[in-house]
Amino acid sequence: MSNYHIKNLEEYFDVYRKSVNDPELFWEEIAEEHFVWRKKWDKVLNWDFKKPEIKWFEGAKLNITENCIDRHLTANGDKTAILFEPNDPKEPAQHISYNELSERVNQFANVLKSKGVKKGDRVCIYLPMIPELAISLLACARIGAIHSVVFAGFSSTALATRINDSDCKLVVTSDGSFRGAKSIDLKGIVDEALISCPSIQSVLVVKRTKSNIEMKEGRDEWLQPLLENASKICPVEIMDAEDPLFILYTSGSTGQPKGMVHTTGGYMVYSAFTFKNVFQYRNDDVYWCTADIGWITGHSYIVYGPLANGATTVMFEGVPSYPDYGRFWEIVEKHKVSQFYTAPTAIRALAKENLDYVTKYDLSSLKVLGTVGEPINEEAWHWYNDNVGGKKSPIVDTWWQTETGGIMISPLPGITATKPTYATLPLPGIQPALIGDNGEELKGNQVEGKLCVKFPWPSIARTIWGNHDRYRETYFSAYADMYFTGDGALRDEVGYYRITGRVDDVIIVSGHNLGTAPIEDAINEHPAVSESAIVGFPHDIKGSALYGYITLKETGEDRDQDNLRKEINQIITEHIGPIAKLDKMQFTAGLPKTRSGKIMRRILRKVACNEIENLGDISTLLNPEVVEVIINERL
Ligand code: WT7
C-alpha cells in the first residue's frame, strides 16, 4: 500500500520517516500505484549534487496528458475538469468536462503539429487566464513540445528576451485580455517583441476581446478556425521521464532571466502527490487557485497537479477588485469552492476593504485555505482565518519556489496544527537543513539560518535552459551537497519552519519574484542615470515594495526630479512590466561601496527600512561620507 493520501498526523510522521529512510522505495510505490506509465523505470533515482545531475524514474516512458486527461475519461468523462469564471460576472461561467478538455487538447495538439511543431521544440505561450491557456500547455505536452509560458503582464522586451533565450518556434497569444474594467492589447505587445525574435515562425491568435488587431500575413493565424478543422484525436508522443516538460523563467542576480527546466515524470508525481495532500482533495470538491498560470503556482496547482488527480479546477480570468472587492467571495459562493489558494498580497488588499464584501456571501463550502508566494504577516493570517475561513478552515501556508516545482514545506490541513506565519513541517521526501554563518548545518530546534535542502525530490528543476553552469553556481555552490534556496528560515521549539525572507538580491513584491539586477539594468539605460541600486522596504499591501537609489550623470543633475521619476518608471515598465515600478526613488550623489567597488546593499536596505540606528561598521567603505547624506535625504 502506498502512502499517497495521508489522513492523520501519525501517518504523516510515519510516511515522512519512510520517505527519508528509503526515498527511492517511497517514491517508487507512489509512482507505480497512482500513475499511468507506458514503460516502467530502470532506476528510481540517480543523483549527484556536485555536477549537478538529478534523474528520477530513468528509463520510464509516459505522457503526462494521459495521466491528466485520458485515464479519467472512462469513469469521469462528464466531470468538470476546468471551471472557467470570466472577468465579467455577467458572462456565464464555462464548465469544461474531461471529455471536452480531451477533445480540445487533441485538436490544439493537431494544430501545433500542422504548424511544424515537433517533440523538443519550444512554444511560447503569452495568454490571459482563459481556457485556451491551460489547453495550450496540455497540447504542447501531448506532442512533446516544451512550453514556455510568459506571464501576460510582462512587457514586449521581457517577452522577447524569454523567446530568444530558448529559441521558441511559435507563439500562442490572444487579440487582447480583460483585466477588470480595462482591456490590454496583448497582440500589439507580441508584435513589438517579435521584431527582434528571428526564431518565431508562426503566431496563433485566440479571439477574446474582439479588438481590432493587425495580423501579419504568413505569420499570424486565428486559432479558432484551425481548431474547428482539426481532428479530435491526437496520439500521444511517448516521452522519457527525464524529457523536458516546460521552461519557466524566474529572475535572478543578473539581467538574464533563468529558464528553469522541469522534466516530465518526477514533476508529474510530485505535483500530483502534493496537490492531493496539501489540499486534502476529495472527489466532489471544487478547487480554486487564484494564481496566474504564468507563474509556477498555476502550472503545478491549476493545471498539472489537480488534473492528474481528476479534480475540478477553477480558472478565474479577472481581478479581486472588479466589479467590486467581493468578487472572490462571490465566486466561492457561486461555485461552492472547497479549497481556496491565494497570495498574501491579495489577502492584505482585501482586508483593507469593508468587511461586508466578505460577510454578504455564503462561504460555508470552504474547507481549506492556502497561501503562497511570500511570508504572510500575522494580521493578514488572522483576517483570513477569521473572516474567510470562519475559524474552521485550516490555512496551509505553503513554502516553495519556481525551482522546486511543487510545495516543499506546508501544514497538511486538519492534520498539522497550524501556527500563524509558519509554513510548519516538510512534506514527505523533503529534507530541509538550516545553515549557519560559517557554513555549518544547524542541528536541533530553535535555530535560524539559510534554508537548504539535502536530498533531491522528484520535481526539482534539472537545469537552467542553456546554462548549466549558472544552475550549479546559483543553487549548488554555496554549500557542498545541498540545494540552496536563497531564503532564510528558522526552526522553532517543535521543529516548525518559518520562512524569514530572501537572503539574496531577490525582492518579492506582491508575491512576484523580482531580481534587482534586471531592474537596475533598465534604469541605467536612462540617459541621465549613472548608477542605481534597488532594495526592498516593507509595504502594507505588497509585502515589500521597491526603493531605488539613483545617481545621475553630470548632464542629468539639473533635470526636474518628478519628470525623471516618471521617465525611469516608464523605462522599467517597458523593459520588465508595471510590476517592477519603483515606489520610491532617492537621487543621491553616490552609493556606498566596498573598497573592491561592490555596492553595500545591506546599508541601503537598512536606510530604506528606516533602521538607521544600527548600520554596522561603515568605516571600511570606500566612501563612508555618502552614508550620512543618504540617511539625511531618505524618503
Ligand atoms: C520565493 C519563490 C512558489 C510559488 C510562488 C513563488 C517566497 C514562496 C512562501 C511562503 C514565505 C514564500 C520565497 C521563495 N515564498 N512561498 N509560504 N512563505 N515565503 O515562486 O516566484 O519562484 O518565488 O517566494 O522567498 O524563495 P517564486
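Nothing here was measured: the structure is a model prediction, and the numbers come from that model. (Residues numbered from 1 in each chain as written. Predicted model: local features only at pLDDT ≥ 70, side-chain atom pairs only at ≥ 80, totals over all residues. Heavy atoms only, no water.)

Draft legend 1. Spatial organisation of the sheet that holds strand 5 (residues 94-97). What the seven strands build is an open sheet, ordered 5-4-17-16-18-19-20; its pairing is mixed. Every other strand in the sheet has two partners, leaving strand 5 and strand 20 (395-398) as the edge strands with one partner each. Adjacent strand axes in the sheet meet at a mean angle of 20° when their direction is disregarded. Across three bridges, the pairing between strand 16 (residues 286-289) and strand 17 (residues 312-316) is parallel. Along strand 17, the bridge assignment pairs Tyr287 with Thr313. Those strands touched by helix 6 (residues 131-143) are strand 4 (80-85), strand 5 and strand 17, and its axis lies near 125° from that of strand 17. (Pairing = 2+ DSSP bridges. Helix = DSSP H or I, 4+ residues; strand = E, 2+ residues; numbered from the N terminus. Axes fitted to C-alpha atoms, helices over the stretch in contact; angles between N-to-C directions. Contact = heavy atoms within 4.5 Å.)

Draft legend 2. Structural context of the site of the ligand. What surrounds the ligand is a group of 17 residues, the closest being Asp397, Thr398, Thr402, Asp487 and Arg502. For the ligand, a nitrogen atom lies 3.3 Å from a polar atom in the backbone of Glu374. At a separation of 2.7 Å, an oxygen atom of the ligand approaches a polar side-chain atom of Arg502. Starting from 560 Å² of accessible surface for the ligand in isolation, the protein chains cover 95%. Where the shell around the ligand is concerned, the elements lending two or more residues are helix 11 (296-308), strand 20 and strand 26 (497-502). (Near = heavy atom within 4 Å. Polar contact = N/O pair within 3.5 Å; in protein donor to acceptor, adjacent residues only side chain to side chain. Areas by Shrake-Rupley, 256 points an atom, 1.4 Å probe, with all protein chains shown as cover.)

Draft legend 3. Expanded view of the packing of helix 5 (residues 98-114) against helix 6. In contact at an axis separation of 8 Å, helix 5 and helix 6 are set at 65° when each is read in the N-to-C sense. The handedness of the crossing between helix 5 and helix 6 comes out as right-handed. Between helix 5 and helix 6, the contacting residues are Leu101, Arg104, Val105, Asn106, Phe108, Ala109, Leu112 and Lys113 on the first element and Pro131, Glu132, Ile135, Ser136, Leu138, Ala139, Cys140, Arg142 and Ile143 on the second. Across the contact of helix 5 with helix 6, the residue classes tally to 11 nonpolar, two polar and four charged. (Left-handed = near helix turned anticlockwise from the far one by under 90°. Nonpolar A, V, L, I, M, F, W, Y, C, P; charged D, E, K, R; others polar.)

Draft legend 4. Fine view of the pattern of salt bridges. The tally for this structure, following the rule as stated, stands at 42 salt bridges. A salt bridge links Lys593 to Glu531; the shortest N-O distance between them is 2.7 Å. In this pair, Lys593 sits in the loop between strand 31 (584-587) and helix 19 (601-608) while Glu531 sits in strand 29 (residues 529-539), placing the two residues 62 residues apart along the sequence. Its relative accessible area of 16% is what places Lys593 among the buried residues. (Salt bridge = Lys/Arg side-chain N within 4 Å of Asp/Glu carboxyl O. Buried < 20%, exposed > 50% of the residue type's maximum accessible area, 1.4 Å probe, protein only.)

Draft legend 5. Expanded view of the domain arrangement of the protein. Under the domain assignment, the protein is made up of domain 1 (9-319 + 398-464) and domain 2 (506-632). On a C-alpha basis, the centroid separation for the pair domain 1 and domain 2 is 34 Å. Contacts between domain 1 and domain 2 engage 13 residues on the former and 15 residues on the latter. Both sides of the domain 1 and domain 2 interface together cover about 890 Å² of buried area, and 52% of this is carbon and sulfur. Between the two partners, domain 1 and domain 2, sit zero salt bridges. Counting across the interface, domain 1 meets domain 2 through seven residue pairs in polar contact (both at pLDDT 80 or more). (Domains from an automatic or database assignment. Buried area = accessible area lost by both parts, 1.4 Å probe.)

Draft legend 6. Representation of the packing of aromatic side chains. In total, this model carries 45 aromatic pairs according to the counting rule given. What links up through ring pairs into an aromatic cluster is the set Trp47, Phe49, Phe455, Trp457, Tyr471, Tyr475, Phe476 and Tyr483. For Lys207, the ring lying beneath its charged end belongs to Trp222, and the centroid distance is 4.6 Å. The side chain of Lys419 reaches across the aromatic face of Tyr422, ending 4.1 Å from its centre. (Phe/Tyr/Trp six-rings, centres within 6.5 Å; stacked < 30°, edge-to-face > 60°. Lys NZ or Arg CZ within 6 Å of the ring centre and 35° of its normal.)

Draft legend 7. Examining the nonpolar core more closely. Within the largest apolar cluster, 122 residues are counted, with the highest numbers of intra-cluster contacts made by Trp37, Phe57, Leu101, Phe279 and Tyr304. The leading source of residues in this core is helix 6, at nine residues. Ignoring anything within four residues of it in the chain, the contact list for Phe57 reads Trp27, Ala31, Trp37, Trp41, Lys43, Val44, Ala241, Gly265, Gly266 and Val269. Ala158, Val205, Val529 and Leu546 belong to the second largest nonpolar core, which has 40 residues in total. (Core = buried A, V, L, I, M, F, W, Y, C linked by side-chain atoms within 4.5 Å.)

Draft legend 8. Local environment of the packing of helix 17 (residues 516-523) against helix 18 (residues 561-575). Across the interface, helix 17 lies against helix 18 with an axial gap of 8 Å and an inter-helix angle of 125°. Here helix 18 runs oblique to helix 17, going by the angle between their axes. Two packed elements cross with a definite hand, and for helix 17 against helix 18 that hand is right-handed. Residues Ile519, Ala522 and Ile523 of helix 17 pack against Ile568, Ile571, Ile572 and His575 of helix 18. Classifying every residue of the contact of helix 17 with helix 18 gives six nonpolar, one polar and no charged. (Parallel < 35°, antiparallel > 145°, perpendicular 65-115°, else oblique.)

Draft legend 9. Region of interest: the pairing of strand 19 (residues 368-372). Counting buried positions along strand 19 yields five of five residues, so the element is predominantly enclosed. Judged by which residues are buried, strand 19 turns out to be covered on both faces: Val368, Gly370 and Val372 on one side and Leu369 and Thr371 on the other are all buried. Note that strand 18 (residues 339-342) and strand 19 share four bridges and pair parallel. Bridge pairing in strand 19 links Phe340 to Leu369. What joins strand 19 to strand 20 is helix 15 (residues 378-388), and the crossover it makes is right-handed. (Right-handed = clockwise from strand over helix to strand, strands pointing away.)

Draft legend 10. Structural context of unusual backbone geometry. Here the amide bond leading from Lys51 into Pro52 is cis, since omega sits at -20°, within 30 degrees of zero. Residue placement: Pro52 occurs in the loop between strand 1 (43-48) and strand 2 (53-58). Note the cis peptide between Tyr322 and Pro323, where omega equals 0°. Positive phi values are uncommon outside glycine, yet Thr421 reaches one of about 75°.

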